[in-house]
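These are the residues of each chain, in order.
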Amino acid sequence: STVLVKNDGTLIEANPTFLKSFNLNIDEIRHKNFVDLPIFKNNSGKLIKQFNPKNIVLHIGTNDINDTTLALNSDQYYAQITEYLSTICSEYPEVNIYYLGIENRNGGAGSKNAYAEKVTAKIQNEFAPAHSNFTYIDSPSVFNTDLNKYLSSDNIHPSEDGRQWYIKTLKEIV
């Protein structure tokens, strides 16, 4: 199931399978913190664990770090992102957590690329080594070499080449 979560942990969207599996209504849970959902309350986090996930793949931080309306510095972005990552790592200590880095954006969408690079470097060099079940996937080292190739025409979302790189890389690693 796919769930879209902002770097502060706020749920943005969830696919129908996820909603049905946990008997959730999107209108009731949208904009709530993911770990505050009823599936985590009173040990009901066991609902997720019943699926016995072996791997969790996350790609968070990209939208918020490039949101020019948020007045956060790179250290504050790092703190928000890693607070969420820490929660996932501790909730699922036996699960492999894979994290795709924060890729740069093109044109006007890339006004905070320096923030993305700082935060990503700290996640890779500080957070990842401190968490044994966490693997950093260096997608920025590929995407940032040719943004026109790996980003779609909106300069934000992955192009077909970008999506294919994710698929190929995850198949190799996971």
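**Digging into the overall build of the chain**
Then comes step 1: On a plain count of helices and strands, the chain comes out with 9 helices and 5 strands.
Then comes step 2: Put simply, the chain runs from its N terminus to its C terminus through helices and strands in the order β-β-α-α-α-β-α-α-β-α-β-α-α-α.
Then comes step 3: Taking 16 Å as the expected radius of gyration for a compact globule of 174 residues, we find that the chain reaches 16 Å, a close match to that expectation.
Then comes step 4: Taking as baseline every contact in the chain between residues at least 6 positions apart, the subset at least 24 positions apart corresponds to 61%.
Then comes step 5: Counting only carbon and sulfur atoms, one obtains 48% of the accessible surface of the chain, whose full area is about 9,500 Å².
Then comes step 6: Taking the average place of the 16 positive charges on the side chains of the chain and the average place of its 20 negative ones, the gap between the two points comes to 5 Å.

**Looking at the sheet that holds strand E4 (residues 96-100)**
Sheet strands pair by backbone hydrogen bonding; their relative direction is either parallel or antiparallel.
Then comes step 1: The strand order across the open sheet built from 3 strands is E3-E4-E5, with neighbouring strands paired in parallel fashion. Either end of the sheet is taken by a strand with one partner, and the two such strands are strand E3 (55-58) and strand E5 (134-137). The sheet shows a mean angle of 20 degrees between the axes of neighbouring strands, direction not considered.
Then comes step 2: Two elements, E3 and E4, share 4 bridges in a ladder whose sense is parallel.

**A few points about the pattern of salt bridges**
Then comes step 1: Tallied over the full model, the rule gives 5 salt bridges.
Then comes step 2: Linking arginine 163 and glutamate 160 is a salt bridge whose minimum nitrogen-to-oxygen distance equals 2.8 Å. Separated by 3 residues within a single helix, arginine 163 and glutamate 160 lie in helix H9 (residues 160-173), roughly one turn from each other.
Then comes step 3: A residue is classified by how much of its surface remains accessible, and arginine 163, at 38% relative accessible area, is partly exposed.
Then comes step 4: Of the residues examined, glutamate 160 reaches a relative accessible area of 42% and is grouped as partly exposed.
Then comes step 5: The partner of glutamate 172 in a salt bridge is lysine 168, with the nearest N and O atoms 3.1 Å apart.

**Observations concerning a nonpolar patch on the surface**
Then comes step 1: Taken together, Val57, Ile173 and Val174 make up a surface patch of nonpolar side chains, about 220 Å² in accessible area.
Then comes step 2: By the element assignment, valine 57 lies in strand E3.

**Considering the nonpolar core**
Then comes step 1: Within the largest apolar cluster, 36 residues are counted, with the highest numbers of intra-cluster contacts made by Leu85, Tyr99, Ile123 and Phe134.
Then comes step 2: It is helix H5 (residues 74-91) that provides the largest number of residues to this core, a total of 7 residues.
Then comes step 3: When near neighbours in sequence (up to four residues on either side) are disregarded, leucine 85 contacts Leu58, Ile60, Tyr99, Ile123, Phe127 and Phe134.
Then comes step 4: In this structure, Leu100, Val142, Leu151 and Trp165 belong to the second largest nonpolar core, which totals 10 residues.

**Let's talk about the environment of asparagine 15**
Then comes step 1: With respect to the helices and strands, asparagine 15 occurs in the loop between strand E2 (11-14) and helix H1 (16-21).
Then comes step 2: In sequence terms asparagine 15 and isoleucine 26 are 11 residues apart; their C-alpha atoms lie 9.0 Å from each other.

Conventions adopted
- Residues numbered from 1 in each chain as written.
- Predicted model: local features only at pLDDT ≥ 70, side-chain atom pairs only at ≥ 80, totals over all residues.
- Heavy atoms only, no water.
- Helix = DSSP H or I, 4+ residues; strand = E, 2+ residues; numbered from the N terminus.
- Rg over C-alpha atoms; globule rule 2.2 N^0.38 Å.
- Contact = heavy atoms within 4.5 Å.
- Areas by Shrake-Rupley, 256 points an atom, 1.4 Å probe, with all protein chains shown as cover.
- Lys, Arg positive; Asp, Glu negative; His and termini not counted.
- Charge placed at Lys NZ, Arg CZ, Asp CG, Glu CD.
- Pairing = 2+ DSSP bridges.
- Axes fitted to C-alpha atoms, helices over the stretch in contact; angles between N-to-C directions.
- Salt bridge = Lys/Arg side-chain N within 4 Å of Asp/Glu carboxyl O.
- Buried < 20%, exposed > 50% of the residue type's maximum accessible area, 1.4 Å probe, protein only.
- Patch = residues over 30% accessible without salt bridge, like charges linked within 9 Å, V, L, I, M, F, W, Y side chains within 5 Å.
- Core = buried A, V, L, I, M, F, W, Y, C linked by side-chain atoms within 4.5 Å.

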